[in-house]
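# Geometric and topological summary
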Amino acid sequence: MIDREFHLQDHDLYLEAFKLAVQIPRGKVSTYGAIARALGDISASRTVGQIMSADRQRPFEVPCHRVIYSDGRTGWYTGMGQGAERKREMLRSEGVPILNDMVQDLETAVFVDFSGDAPLRRMAESQREIASLVSQEGDATRFQRLAALDVSYRGDEAFAAMVVVDREGSVIEERTARCPVNFPYVPGYLGFREMRPYTAAMGKPREDTLYLIDGHGRAHPRRAGVACQFGVVHGVAAAGVAKTILAGAMKGDSLILDGEEAGRLVRSCDGRTYFASVGHRASLGTVCRVLTALPVNPMALAHRLATKRGRSAV
DNA sequence: GCGACAG
DNA sequence: ATCTTGTCGC
Ligand SMILES: [Mg+2]
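Basis of the calculations
Residues numbered from 1 in each chain as written. Chains lettered and ligands numbered in written order. Predicted model: local features only at pLDDT ≥ 70, side-chain atom pairs only at ≥ 80, totals over all residues. Heavy atoms only, no water. Donors = N, O, S within 2.8 Å, 3.2 Å for Na, K, Ca; no water. Helix = DSSP H or I, 4+ residues; strand = E, 2+ residues; numbered from the N terminus. Near = heavy atom within 4 Å. Polar contact = N/O pair within 3.5 Å; in protein donor to acceptor, adjacent residues only side chain to side chain. Nonpolar A, V, L, I, M, F, W, Y, C, P; charged D, E, K, R; others polar. Domains from an automatic or database assignment. Contact = heavy atoms within 4.5 Å. Buried area = accessible area lost by both parts, 1.4 Å probe. Pairing = 2+ DSSP bridges. Axes fitted to C-alpha atoms, helices over the stretch in contact; angles between N-to-C directions.

### Considerations on the coordination of the magnesium ion
Only D150 (OD) and D214 (OD) from the protein reach the magnesium ion as donors, at distances of 2.1 Å. Note that D150 is positioned in strand β5 (residues 145-154) and D214 in the loop between β8 (209-213) and α9 (226-234), a separation of 64 residues in sequence.

Shown next as structure tokens:
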């Protein structure tokens, strides 16, 4: 049984990363990658850099200056004034040996003995469970409505929009929602950032609706992109409609992942191209036919509405 | 130095 | 995803 709440929660990855960074003792350094590993996935290393530099409320003092590149370069610091030099000075004053912009004898100076519960590892496990529950079958006959969903952001606030069109392309419903999000973008974990806002905007899940999600479905490293999470958690038909590739490579019009077709290139009526993939309960063929046949592009409408809501928000 | 990592 | 641009007034 999947833990729906786990996928709908606002996991605070900022706090998790801060709780790790604060463990680095004076006189030592650690790396963005080491903290990412302690969070549960090395893929989050760039995100860790972004978290450390984020201008955000912190519940305690976080020694961001002790987090450096894995090759020993001290890198940037956005404290105030001359960032990079200030970072080097702070480390020197703590007893870390530095020559030019490199920490010397990194082996000795690096701290990697973090303690934490690796939230991303648990999330990846849960995604594998989602992947095992995805149905890749379903024809278009029951879909009276196509609901496109997208999210825009302003700081830590998400603005989700759903635009529903019928098969003739008329807009028949629009909904928006606003909620705080404390989970940053991490490649492979988009669902844990956007499921909550999507869910707040979707209203009551409907059987006669194919939900079109801005992001991938099965075209994901664990075959469990945000569209799969959305489909399985809500038990609805869903498809991933992404603007760029996350994983795999194109062969003709097919997106191939581990030798299997995980997605397909589609073109909407306005000429935009998307990578479509199965989310849940609708086949890849069905999804592509529906998207191609629509006389409007609901993805663009949802994107515009989400952006508009974010900009007009107080 | 380049490539690559949805949004 | 967001921000940037140019220019003005406070
Ligand atoms: Mg989006």
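### Quick word on the protein's contact with DNA strand C
Neighbouring DNA strand C are the residues S152, Y153, K243 and H303. Between DNA strand C and H303 there is a distance of 3.0 Å, counted from a phosphate oxygen to a side-chain nitrogen or oxygen. Along the lines of polarity and charge, the residues of the surface near DNA strand C split into one nonpolar, two polar and one charged.

### Quick word on the domain arrangement of chain A
The assigned domain composition of chain A is domain 1 (13-117) and domain 2 (123-313). Taking only C-alpha atoms into account, the centre of domain 1 sits 35 Å from that of domain 2. Counting residues at the interface gives nine residues for domain 1 and ten residues for domain 2. Of the roughly 680 Å² buried between domain 1 and domain 2 on both sides combined, carbon and sulfur atoms contribute 55%.

### Description of the sheet that holds strand β13 (residues 273-280)
Read from one edge of the open sheet, nine strands run β7-β6-β5-β8-β9-β13-β12-β11-β10, paired in mixed fashion. The open sheet has two edge strands, β7 (171-180) and β10 (249-251), and neither has a second partner. Along the sheet, successive strands turn relative to each other by an average axial angle of 30°, direction set aside.

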